[in-house]
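# An overview of the molecular structure
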Amino acid sequence: LPVVLVTGASGYVALHCVRRLLEGPYRVRGTVRSKSNTQKIAPLLRLPEASSKLELVEADLLKPDNWTEVVSGCTYILHVASPWIITATSEIVKTAVEGTLTVLNAANACPEVKKVVLTSSCAAVNDGHKNGSAIFDETFWTDMESKRVEWYGISKTLAEKAAWDYWNSLPVTSRFALTVLNPTLVFGPVLSDVEHGSATILARMMKRVTNLAQPKVSLGLVDVRDVAEAHVRSLERRETDGERILITASPSAWYADIAKWLKAEFARYGYGITTHECPTWILKLYAASGIDPQSKAVVRRRGPELRFDNSKSIRLLSMKYRSVGRSVVEMMHSMIDAGMVKGTKKYEATKRMRSNS
């Protein structure tokens, strides 16, 4: 069976990629920073087929010395590892760019590597542009001169551009194939209790105390299982070689939509979820107060509907996207089960009744 290297294997998206690969005709080598971190390792070892088809290796993207060994013997690479911090600083740029080049250098040093699929983000596509200014597709790049752009968007854009520049500098006849995927905001069931950006956003919405009103912000959303499926299909389809592909359900959703989906499912269990939209002037005042650093990130994204064209993913990868409303609800159930959000008495009682019946 061909071996697929998955970087940052314990991450939210990467775990789903590993699970999907183990279901197919692949063996997986996953990189982790430390094999002694039980919280991150245990969910990988619990996956079906993990005992026979999964190997974990310790590697650090900022220490390139042993990466040729890490990559050696792999036919494919999914470079999924990337920090997503809602309130990122300039440090993230170095991590993203150098980490990407470490992986590509190692891939180039190992002639058995046929293909690399790189996880970029819509933050390399539409950041810095005004929401209503266009229907965003793969021809767009983030405007890094804009005052609206944040460090995360800059890091994803520079890392992706560095990847294409590096790949284009290699001899055409002997280089590995490269596909870049640009998912929007990823929701869907968690396979581990490790915090990440999407989980933070959803958890805040479950209490009035942390979420008094919803900002008028539009988001592209996609289910994590669809993102994993897109990664595996990209490995298998030659027509994706040399392409960047937006991975998103359509249409986009508003924060208030996400709150409505959560409320429809979880209000009955006593969760105080508010669906009111917050006037922009109040949001600006709140962000300026500095009480909540995450609100600053949200202010820059307010405005009209954000529109994406996902037709390329449907054409090249035959994507059929799941309902993002269901993804959000399933994600919250999984987060309560994992202890990332406290189960109310009513929720726990209902769960007990279900399991007894």
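The rules behind the values
Residues numbered from 1 in each chain as written. Predicted model: local features only at pLDDT ≥ 70, side-chain atom pairs only at ≥ 80, totals over all residues. Heavy atoms only, no water. UniProt positions renumbered as here; feature names shortened; annotations may be inferred. Helix = DSSP H or I, 4+ residues; strand = E, 2+ residues; numbered from the N terminus. Rg over C-alpha atoms; globule rule 2.2 N^0.38 Å. Buried < 20%, exposed > 50% of the residue type's maximum accessible area, 1.4 Å probe, protein only. 1 Å grid on protein atoms, 1.4 Å probe; cavity = no way out; pocket = protein on both sides within 12 Å on 5 of 7 lines; lining within 4 Å. Points joined across faces, edges and corners; volume = space filled by probe spheres on them. Nonpolar A, V, L, I, M, F, W, Y, C, P; charged D, E, K, R; others polar. Core = buried A, V, L, I, M, F, W, Y, C linked by side-chain atoms within 4.5 Å. Contact = heavy atoms within 4.5 Å. Axes fitted to C-alpha atoms, helices over the stretch in contact; angles between N-to-C directions. Parallel < 35°, antiparallel > 145°, perpendicular 65-115°, else oblique. Arc of directions from axis to C-beta. Salt bridge = Lys/Arg side-chain N within 4 Å of Asp/Glu carboxyl O. Pairing = 2+ DSSP bridges.

An unreviewed UniProt entry lists the protein under the name NAD-dependent epimerase/dehydratase domain-containing protein, from Pristionchus fissidentatus. In its Sequence similarities (unreviewed entry) section, the UniProt entry covering the protein states "Belongs to the NAD(P)-dependent epimerase/dehydratase family. Dihydroflavonol-4-reductase subfamily."

### Looking at the overall build of the protein
For the protein, the count of helices and strands is 14 helices and 15 strands. For the protein, whose C-alpha radius of gyration is 20 Å, the value lies close to the compact-globule estimate of 21 Å for 357 residues. Its C-alpha atoms give the protein principal-axis dimensions of about 55 × 55 × 35 Å. When burial is assessed residue by residue, the protein has 54% of its 357 residues classed as buried.

### Concerning the layout of surface pockets
Of the volumes computed, that of the second largest pocket is approximately 170 Å³. Every residue along the wall of the second largest pocket is listed here: Tyr76, Lys114, Lys115, Arg175, Ala177, Ser234, Leu235, Glu236, Arg237, Arg238 and Asp241. With three residues, helix H8 (residues 224-236) is the single largest residue contributor to the lining of the second largest pocket. Tallied by class, the residues present in the lining of the second largest pocket amount to three nonpolar, one polar and seven charged.

### Here's the deal with the nonpolar core
Counting 70 residues, the largest nonpolar core has Leu202, Leu262 and Phe266 as the members making the most contacts within it. With eight residues, helix H1 (residues 12-23) is the single largest residue contributor to this core. What Leu202 contacts, discounting residues up to four positions off in sequence, is Phe187, Ile258, Leu262, Val328, Met331, Met332 and Met335. Within the second largest apolar cluster, 27 residues are counted, among which are Leu5, Val57, Ala59 and Val116.

### Re helix H7 (residues 197-205)
An α-helical turn contains 3.6 residues, so a residue and the one three or four places further along point in the same direction. Within the sequence span of H7, burial applies to Gly197, Ser198, Ala199, Ile201, Leu202 and Met205. Next to the buried residues of H7 lie H1, strand S8 (185-187), strand S9 (214-215), helix H9 (255-266) and helix H13 (324-337).

### So, the packing of H13 against helix H14 (residues 345-356)
Contact geometry for H13 and H14: axes closest at 12 Å, N-to-C directions at 90 degrees. Overall, the two elements H13 and H14 adopt an arrangement that is roughly perpendicular. Judged by residue contacts, His333, Ile336 and Asp337 of H13 engage Tyr347, Glu348 and Lys351 from H14. Of the residues in the contact of H13 with H14, the class split is two nonpolar, one polar and three charged.

### A word on helix H2 (residues 38-45)
Turning to H2, its buried residues are Ile41, Pro43 and Leu44. Burial along H2 is one-sided: seen end-on, the buried residues are contained in an arc of 160 degrees. Exposed residues lying more than 90 degrees from the buried face of H2 are Thr38 and Leu45. Buried residues belonging to H2 abut H1, strand S2 (27-32), helix H3 (50-53) and strand S3 (54-58).

### Things to note about the pattern of salt bridges
Under the counting rule described, the total for this entry stands at 13 salt bridges. With a closest N to O distance of 2.9 Å, Arg233 and Glu229 form a salt bridge. Residue Arg233 and its partner Glu229 are both found in helix H8; the two are separated by four residues, about one turn of the helix. The exposure class of Glu229 is buried, given its relative accessible area of 17%. A salt bridge links Lys351 to Asp337; the shortest N-O distance between them is 3.2 Å. Note that Lys351 is positioned in helix H14 and Asp337 in helix H13, a separation of 14 residues in sequence. Members of the salt-bridge network, linked through shared partners, are Arg20, Glu229 and Arg233.

### Looking at the pairing of strand S4 (residues 76-79)
Covered by surrounding structure in S4 are Tyr76 and Leu78 together with Ile77 and His79, the residues of both alternating faces. For strand S1 (residues 3-6) and S4, the ladder comprises three bridges, and the chain directions are parallel. Bridge pairing in S4 places Val4 opposite Tyr76. As defined by bridge partners, S4 adjoins strand S5 (residues 115-119) across four bridges and the pair is classed as parallel.

### Examining the sheet that holds S1
Sheet strands line up and pair through hydrogen bonds in the backbone, either parallel or antiparallel. The seven strands are arranged S3-S2-S1-S4-S5-S7-S12 in an open sheet whose pairing can be described as parallel. A strand with exactly one partner marks an edge of an open sheet, and here the two such strands are S3 and strand S12 (244-247). Taken over all neighbouring pairs, the strand axes of this sheet differ in orientation by 20 degrees on average, direction set aside. Its contacts with the sheet place H1 against S1, S2, S3 and S4, and it is angled at close to 170 degrees to S1.

### A closer look at the pairing of strand S7 (residues 177-183)
With respect to burial, S7 is a largely interior element, seven of its seven residues being buried. Residues Ala177, Thr179, Leu181 and Pro183 of S7 are buried on one face, and the alternating residues Leu178, Val180 and Asn182, pointing to the opposite face, are buried as well. Looking at chain direction, S5 and S7 are connected through five bridges and run parallel. In the strand pairing of S7, Val116 is matched with Leu178.

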